[in-house]
Structure formats: structure tokens, C-alpha cells
Amino acid sequence: MCKMEAPSSFTEGEVYQMDFNPGIYLETYYSLGASHCKGNKILTLNLRSLCEMFALSDVKGDILIDIGSGPTIYQLLSACEKFNEIIVSDYADRNCQELEKWLKKGPGAFDWTPVVKYVCELEGQR
Ligand SMILES: C[S@@+](CC[C@H](N)C(=O)[O-])C[C@H]1O[C@@H](n2cnc3c(N)ncnc32)[C@H](O)[C@@H]1O
């Protein structure tokens, strides 16, 4: 049996509110395929797990509430066909603003296209 230890400490919401820069975070960890993207391996592993958890299982429901979404939407891509409504939330104003910018296709919104394409390919392999 695999037992997971809880982290000894969590980063407080106030730290995200004061110091977190969503633009730098997205460029650094979510520019899938870009050579400067440090998070490619972790991101693709996460996307595969999320695909198994949502797209390949019978998990479904009416409303999905994502707590601490940050400025990201990758975590919702495989779930979006399984829920009628998805609510994203975050403690830090800048993260909510970044998500709103993406929703409204505002100038400078992060381009999730490579990540969406990757998930479509994963799900297409079913
Ligand atoms: C590790 S980040 C995760 C971000 C994103 N979901 C991802 O996978 O990259 C955790 C997020 O939780 C938010 N957070 C921290 N404390 C919170 C709280 N009490 N309520 C809601 N969000 C909180 C932070 O602002 C931060 O964006």
C-alpha cells in the first residue's frame, strides 16, 4: 500500500496575493513544447492523469468546483465534457483576473492552444 504524507507546510494564500506573478508562472510552466518551459514533463504527466481520472472514467456530475485554480485551466480540460458547469476560484486577485482575461479572450491572455491540442490527442486515443 502507498501512503502519502501531507506536506509539512502549505504556502499561505496571502503569499500568493502579495508575491505571485501569474504571467511568469504560466510562461515558465505551461508553454507546452517551448524550449524554455520547465514544466513540460510534469504538465504532460498531470494531463495524462487527469485524462484517466475524468475522460476515461465514469466520474461525472452537475457542478465541479475547483478550489485554488491559480491562473490555469489545464486541470479542467478532461473534465469539461463530464460536468455541466465548472466553477473556478482562487484566493489571489491576480489569478482570478488572469482567468477572466482568458475567458473574455482579452489582450495578453495566455494561449492554452498547445495544451488543449495535447489533451484532445490524448482523449482521441481512447
Ligand atoms: C499550487 S497553486 C495551484 C495553481 C494551479 N491550479 C496549478 O495547478 O498550477 C495553489 C493556488 O491556491 C490558491 N490558494 C491558496 N490558499 C487558498 C485559499 N485559502 N483559498 C483559495 N485559494 C487558495 C493560491 O492563490 C494558488 O493560486
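Just above sits the structure.
Residues numbered from 1 in each chain as written. Predicted model: local features only at pLDDT ≥ 70, side-chain atom pairs only at ≥ 80, totals over all residues. Heavy atoms only, no water.

Draft legend 1. Looking closely at the overall build of the protein chain. Looking only at helices and strands, the protein chain features five helices and two strands. Secondary structure of the protein chain in N-to-C order comes out as α-α-α-β-β-α-α. Computed over C-alpha atoms, the radius of gyration of the protein chain comes to 15 Å, within 12% of the 14 Å expected from 2.2 N^0.38 for 126 residues, which places it in the range of a compact globule. Dimensions along the principal axes, computed over C-alpha positions, put the protein chain at roughly 40 × 40 × 35 Å. Taking all 126 residues of the protein chain together, the buried fraction comes to 33%. Across the protein chain, every contact between residues at least 6 apart in sequence was considered, and the portion connecting residues at least 24 apart equals 56%. Averaging the locations of the 12 positively and 18 negatively charged side chains of the protein chain gives two centres separated by 6 Å. (Helix = DSSP H or I, 4+ residues; strand = E, 2+ residues; numbered from the N terminus. Rg over C-alpha atoms; globule rule 2.2 N^0.38 Å. Buried < 20%, exposed > 50% of the residue type's maximum accessible area, 1.4 Å probe, protein only. Contact = heavy atoms within 4.5 Å. Lys, Arg positive; Asp, Glu negative; His and termini not counted. Charge placed at Lys NZ, Arg CZ, Asp CG, Glu CD.)

Draft legend 2. View of the site of the ligand. Taken together, 14 residues lie near the ligand, and Tyr25, Tyr30, Ser69, Tyr74 and Asp90 sit nearest. At 2.5 Å from an oxygen atom of the ligand is found a side-chain nitrogen or oxygen belonging to Tyr74. Between the ligand and Asn95, the relevant distance is 3.0 Å, taken from an oxygen atom to a side-chain nitrogen or oxygen of the residue. Computed on the free molecule, the ligand has an accessible area of 600 Å², of which 68% lies beneath the protein chains in the complex. (Near = heavy atom within 4 Å. Polar contact = N/O pair within 3.5 Å; in protein donor to acceptor, adjacent residues only side chain to side chain. Areas by Shrake-Rupley, 256 points an atom, 1.4 Å probe, with all protein chains shown as cover.)

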